Amino acid sequence: LVGVYTNRHGERWELQLKGSGRTPYSRNGDGRAVLRSSVREFLCSEAMHHLGIPTSRAASLVVSDDAVWRDQFYNGNIKKERGAVVLRLAKSWFRIGSLEILAHSGELDLLRRLLDFIIQTHFPSIAMNDSNRYLEFFSTVVSETANLISLWMSVGFAHGVCNTDNFSLLSITIDYGPFGFMDSYDPNFVPNTSDDERRYKIGNQASVGQFNLSKLLQALKPLLDPRQKQLASQILEGYGEHYYSRFTELFKTKLGLLGENENDNYLIAFLLKVSLLC
């Protein structure tokens, strides 16, 4: 993270470098990025923005003279590639994993302080003196995550690695790795060649979203009282309805369907099946 920039419109953006080298979070990796993946992230994040899908943005791409060694297809064939660095921007880079790791390690005071900072900075509709602010926060993330994945599905976008570290707390598309767009409808489409179990196939994205939200709830539970925990569980149960409603709305718009008809959902499912057969 390089810093925070406020533009002339008063919008707050966090600037982050991808591929600039090792950080305390690089684990065993080299913290570098290759040119091909950097170009893909730059192009796709801008495309997603102009498709009206919440996303991080790319500000610049710089090619490096340093060589980066990568096994592109995970088949043991390591090759030297050209390195690159992307300067990317987002309103926030905090993810579900940012809270999950603190709860897991028992750092509850830091968890509370970080959560209050996120709410105060990025969720202005939630009052900081509201005793239910964490519940309101969770409710917002659940509904907005359902909306985001519905938007992904409406354009045939598969993220590729939908773990909690890649799910934004602001419900924007971040961390473009092995993503892909379907050429034709296939619920088993997997853009990630290392995903042998097809865990993150496009047809699983909605359910994986719910799984990640359950991990968020688990991280929040130490900060909730018994009543709030019960209400939060009910909010999570409503995720499927949020997703299905938004998904239906988006596909009805694509088909030009007006009003409400009991056969709308049947028609959408039928056309997707026809597309699959074709």
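See the structure shown above.
Residues numbered from 1 in each chain as written. Predicted model: local features only at pLDDT ≥ 70, side-chain atom pairs only at ≥ 80, totals over all residues. Heavy atoms only, no water.

**Student:** Just to check I follow, could you spell out a nonpolar patch on the surface for this structure?
**Tutor:** Taken together, the side chains of Leu255, Tyr266, Leu267, Phe270, Leu271 and Val274 present a nonpolar region at the surface, about 510 Å² in accessible area. Residue contributions to the nonpolar patch peak at 5 residues, all from helix α8 (residues 264–277). Accessibility expressed as a relative area gives 38% for leucine 255, which makes it partly exposed. (Patch = residues over 30% accessible without salt bridge, like charges linked within 9 Å, V, L, I, M, F, W, Y side chains within 5 Å. Areas by Shrake-Rupley, 256 points an atom, 1.4 Å probe, with all protein chains shown as cover. Salt bridge = Lys/Arg side-chain N within 4 Å of Asp/Glu carboxyl O. Helix = DSSP H or I, 4+ residues; strand = E, 2+ residues; numbered from the N terminus. Buried < 20%, exposed > 50% of the residue type's maximum accessible area, 1.4 Å probe, protein only.)

**Student:** What should I look at first to understand the sheet that holds strand β3 (residues 57–70) in this one?
**Tutor:** Note: strands within a sheet are paired through backbone hydrogen bonds, in either parallel or antiparallel orientation. Read across the sheet, 4 strands follow the order β1-β2-β4-β3 without closing on themselves; strand pairing throughout is antiparallel. Looking at which strands have only one partner, the edges of the open sheet turn out to be β1 (3–6) and β3. Across the sheet, the axes of successive neighbouring strands diverge by a mean angle of 25 degrees, strand direction being ignored. The pairing of β1 with strand β2 (residues 12–18) spans 4 bridges and is antiparallel. Along β2, the bridge assignment pairs tyrosine 5 with tryptophan 13. Along the sheet face, helix α1 (residues 35–50) touches β2, β3 and β4 (79–90) and points at about 165 degrees away from the line of β3. (Pairing = 2+ DSSP bridges. Axes fitted to C-alpha atoms, helices over the stretch in contact; angles between N-to-C directions. Contact = heavy atoms within 4.5 Å.)

**Student:** Explain the pattern of salt bridges here, please?
**Tutor:** Applying the stated criterion across every chain, the model contains 15 salt bridges. The closest approach of N and O atoms between arginine 88 and glutamate 41, which form a salt bridge, is 2.7 Å. Of the two residues, arginine 88 sits in strand β4 while glutamate 41 sits in helix α1, which places them 47 residues apart along the sequence. Grouping residues by exposure puts arginine 88 and glutamate 41 together as buried. A salt bridge links aspartate 264 to lysine 252; its shortest N-O distance comes to 3.2 Å. Placement of aspartate 264 in helix α8 and of lysine 252 in helix α7 (residues 239–255) is noted, with a sequence separation of 12 residues between them. For aspartate 264, a relative accessible area of 8% puts it in the buried group. A relative accessible area of 9% places lysine 252 in the buried class. Each member of the salt-bridge network shares a partner with another, and the members are Lys18, Glu41, Arg88, Arg95 and Asp175.

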